[in-house]
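Here are the chains, one letter per residue:
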Amino acid sequence: MSGIIKSEPFVINIGPQHPSTHGVFRIKATVDGEKVIDAEMVMGYLHRSMEKLAEERTYTQNIPFTDRTDYLSSMSNNLGYCLAVEKLAGIEVPPRGNAIRVIMAELQRLASHCMAVGAFANDTGAWQTPVMWAFREREKILDIFEVTSGARLTCNYMRIGGVAFDLRPEFEPMVRRVLREFPPFIDEMEGLLSGNEIFIARTRGVGVLSPEMAINSSLSGPMLRGSGIAWDIRKADPYCGYEQYDFDIPIGYNGDSYDRFIVRLEEMRQSLKIIQQALDGLPGGPFRTEVPLALRPPKGEAYARIESPRGELGYYLVSDESPAPYRFHIRPPSFINLSALKEMTVGGTVADAIVVLGSIDIVVGEIDR
Amino acid sequence: MTRELTGSEAAALAEALVPGSVARTSETACYLKPEMLVETLRALRDDPAANLVHLTNLCGVDYWDHFEVVYHIQSFEKNHLACFKVEAWGREKPEVPSVTPVYHGAWMQECEAYDLFGIRFTGHPNLYRILLWEGYPGWPLRKDFLAMPGGLQPGLGEFAGVARRQEPPVKVVE
């Protein structure tokens, strides 16, 4: 015996059923000892072929499908789809409808980032406390959605040409309460995690993405901003009147998991700022343009995008003048943000791979569609 | 506001860098010749005036007699968005060159287009069925999918998009 311990690469499956994959998603990691030397993604467990189903339904009937892609931010998904149809058919939305859309989209961003931040803390080992605090705050926002649209998770609230219902009288006090109670929560979360030694050790320098790599890999949203690129579609290509509101784009400098976490925390503060302004200046008037149920947009194509909590959410629609879209394509931010997963995980440990996946903030319903 | 380049503006950018790369233009998109696609997109990415660095969206569309692959590419500095297209003819084995060497982010989206349309991207480092499993019969997003052998379930034929071609405004499905 030579006394040398022989080792060979070993394949471990992270997922499909694993708390850190946030759904049914699998990473086939080839490890050498504790080091990941290759990572392959296996997805499609939740594939429902929404793009095919949508080709057989009218434009209005497709709105509930969009709820079920990214189920943690259904309002943003509704909004992106409705904007694409409005662009295709040339429909104007009244100012009140736009302001309600902005408030809802920003509330949804808060709720979604609560989930992202809480679950990320869970992945790094801050077991349960942060995620419960985050759920406590998210609950208040879901209550607002329930009062307004009747549903908490799959809201189906946006309509082509505006929103489904006008706001109820309870709406404003409930949002004011969120505006009052949210900043202390963000400070609390920041105090709990961002200076925590263990948290920093687990996230600093883990899953580093250079700005060049981030751009070349088509990333968007907090992933891109964490790498130091100040690109936000709400600023660069304003929709729904975002140009009226004053807010900043938070960016990171190192492009690691810690920066992406900090960017999300700071984005919540900016969202609160936008909600405050939109609520103070909420215009009166109609909240929806009347649009025929079997809408037949003119022949053509449109690509509309919004800044969803996870990044650039785009809808590419092709119309052949029939009441159903000829082609319905979703540009899912979670799916495309995974294209650099291998580059971020290879070279790190298995435990780091979990942190990286948590920092991407994937929603598997959107990856598989 | 992001300026969306019209087809002729995008064609002018491409034509200035790689002469003879544009096949034709439409109102919104510029159709590139497949054999010069990679070269053209690389030139557009590296040129400071075009600066098309971020491939936002890549998807396939089935037009019955040909497939189109749509590329939405944007510039952060110039804040513009261009739409390029490539056509692939033939339903048996449509082929389009892969742009993964230029835009790394294209690899997953090309896998998806291959998985759902059966468009083969030549030069792709690892083209596999990303959402469905190997051996899945047919390509689900093609318009004739439900009429294909193995794709048709009894009773589902009514839903097939096949009818759409013969009688264009389709009846609304209740």
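No experiment lies behind these values; they were computed from the predicted model shown.

Calculation rules
- Residues numbered from 1 in each chain as written.
- Chains lettered and ligands numbered in written order.
- Predicted model: local features only at pLDDT ≥ 70, side-chain atom pairs only at ≥ 80, totals over all residues.
- Helix = DSSP H or I, 4+ residues; strand = E, 2+ residues; numbered from the N terminus.
- Rg over C-alpha atoms; globule rule 2.2 N^0.38 Å.
- Buried ≥ 20, exposed ≤ 12 C-beta atoms within 10 Å, placed from the backbone.
- Contact = placed C-beta atoms within 7 Å.
- Pairing = 2+ DSSP bridges.
- Axes fitted to C-alpha atoms, helices over the stretch in contact; angles between N-to-C directions.
- Core = buried A, V, L, I, M, F, W, Y, C linked by C-beta atoms within 7 Å.
- Parallel < 35°, antiparallel > 145°, perpendicular 65-115°, else oblique.
- Left-handed = near helix turned anticlockwise from the far one by under 90°.
- Nonpolar A, V, L, I, M, F, W, Y, C, P; charged D, E, K, R; others polar.
- pLDDT = per-residue confidence, 0-100.

(A) Expanded view of the overall build of chain A. For chain A, the helix and strand inventory stands at 15 helices and 10 strands. Against the compact-globule benchmark of 21 Å for 369 residues, chain A has a radius of gyration of 21 Å, which places it among compact chains. Each principal axis of the C-alpha atoms in chain A carries an extent, and together these give about 85 × 45 × 35 Å. Counting every position in chain A, which comprises 369 residues, the buried fraction comes to 56%.

(B) Inspection of the overall build of chain B at higher detail. The number of helices and strands found in chain B is 4 helices and 8 strands. Along chain B, from the amino end to the carboxyl end, the secondary structure elements read β-α-β-β-α-β-β-β-β-α-β-α. Per-residue burial over chain B gives 43% buried out of 174 residues. Taking contacts inside chain B between residues at least 6 apart in sequence as the whole, the part at least 24 apart equals 39%.

(C) Structural detail: helix α14 (residues 350–360) of chain A. All names here are of chain A. Counting buried residues in α14 gives 9 out of 11 residues, a clear majority hidden from the surface. Of the positions making up α14, those classed as buried are D352, A353, I354, V355, V356, L357, G358, S359 and I360. D361 sits one or two residues past α14 and shows a positive phi near 60 degrees.

(D) Spatial organisation of unusual backbone geometry. Residue and element names in this part refer to chain A. One non-glycine residue, Q128, adopts positive backbone phi at about 75 degrees. Here Q128 shows up in the loop between α4 (95–124) and α5 (129–149). With phi around 50 degrees, R369 is a residue other than glycine that occupies positive phi space. Among the structural elements, R369 can be located in the segment after α15 (364–368).

(E) Structural context of the sheet that holds strand β8 (residues 300–308) of chain A. All names here are of chain A. If you walk across this open sheet you meet the 3 strands as β8-β9-β10, and the pairing is antiparallel. Since the sheet does not close on itself, it has two edges, and those belong to β8 and β10 (327–331), each with one partner. The mean angle between the axes of side-by-side strands here comes to 10 degrees, regardless of whether they run parallel or antiparallel. Judged from the 9 bridges that link them, β8 and strand β9 (residues 311–319) form a sheet pairing that is antiparallel.

(F) Fine view of the nonpolar core. If you look at the biggest cluster of nonpolar residues, it comprises 152 residues, and the most contacted ones within it are A:A84, A:V85, A:I103, A:L317, B:A10, B:V69 and B:F84. When residues no more than four places from it in sequence are discounted, the contact partners of B:A10 are B:L5, B:C30, B:A82, B:C83 and B:F84.

(G) Fine view of the interface of chain B and chain A. Every contact between the two is made by 33 residues of chain B and, on the other side, 39 residues of chain A. Listing elements by their share of the side of chain B that touches chain A, those giving two or more residues are β4 (54–62), β5 (66–75) and α3 (106–117) of chain B. Here the element with the most residues in the side of chain B that touches chain A is β4(B); it accounts for 6 residues.

(H) Representation of the environment of B:Q109 in the model. For B:Q109, the location among the structural elements is in helix α3. Residues B:Q109 and B:H66 lie 43 residues apart in sequence; the distance between their C-alpha atoms is 19 Å. Beyond its immediate sequence surroundings of up to four residues, B:Q109 is in contact with A:I336 and B:L58.

(I) Spatial organisation of the packing of helix α11 (residues 257–280) of chain A against α14(A). Residue and element names in this part refer to chain A. Two elements in contact, α11 and α14, have axes separated by 9 Å at closest approach and are oriented at 30 degrees. Our classification of the angle between α11 and α14 gives roughly parallel. Viewed along their axes, α11 and α14 form a crossing whose handedness is left-handed. Contact with α11, carried on its side by S257, R260 and F261, involves V355, V356 and S359 of α14 and no other residues of that element. Grouping the constituent residues of the contact of α11 with α14 by class yields 3 nonpolar, 2 polar and 1 charged.

(J) View of the environment of A:E139. Residues and elements named next belong to chain A. Assignment of secondary structure puts E139 in helix α5. On the basis of neighbour counts, which here come to 12 C-beta atoms within 10 Å, the residue E139 falls in the exposed class. Along the backbone, E139 and A111 are 28 residues apart, and their C-alpha atoms lie at a distance of 8.2 Å.

(K) Looking closely at the confidence of the model for chain B. In the predicted model, chain B carries a mean pLDDT of 80, and the fraction of residues at 70 or more is 83%. Of the regions scoring below 50 in pLDDT, residues 149–174 of chain B engages in 36 contacts with residues more than four places distant in sequence or in other chains.

(L) Quick look at the sheet that holds strand β4 (residues 26–32) of chain A. All names here are of chain A. With antiparallel pairing, 3 strands are arranged side by side in an open sheet as β1-β4-β5. Each having just a single partner strand, β1 (10–14) and β5 (35–42) make up the two edges of the open sheet. Pairs of neighbouring strands in the sheet enclose a mean axial angle of 25 degrees, with direction left out of account. Relative to β5, β4 runs antiparallel, the two sharing 7 bridges.

(M) Spotlight on the pairing of β9(A). In terms of burial, β9(A) is largely enclosed, as 9 of its 9 residues are buried. Taking the residues between adjacent antiparallel strands as the criterion, β8(A) and β9(A) are bridged by 2 residues.

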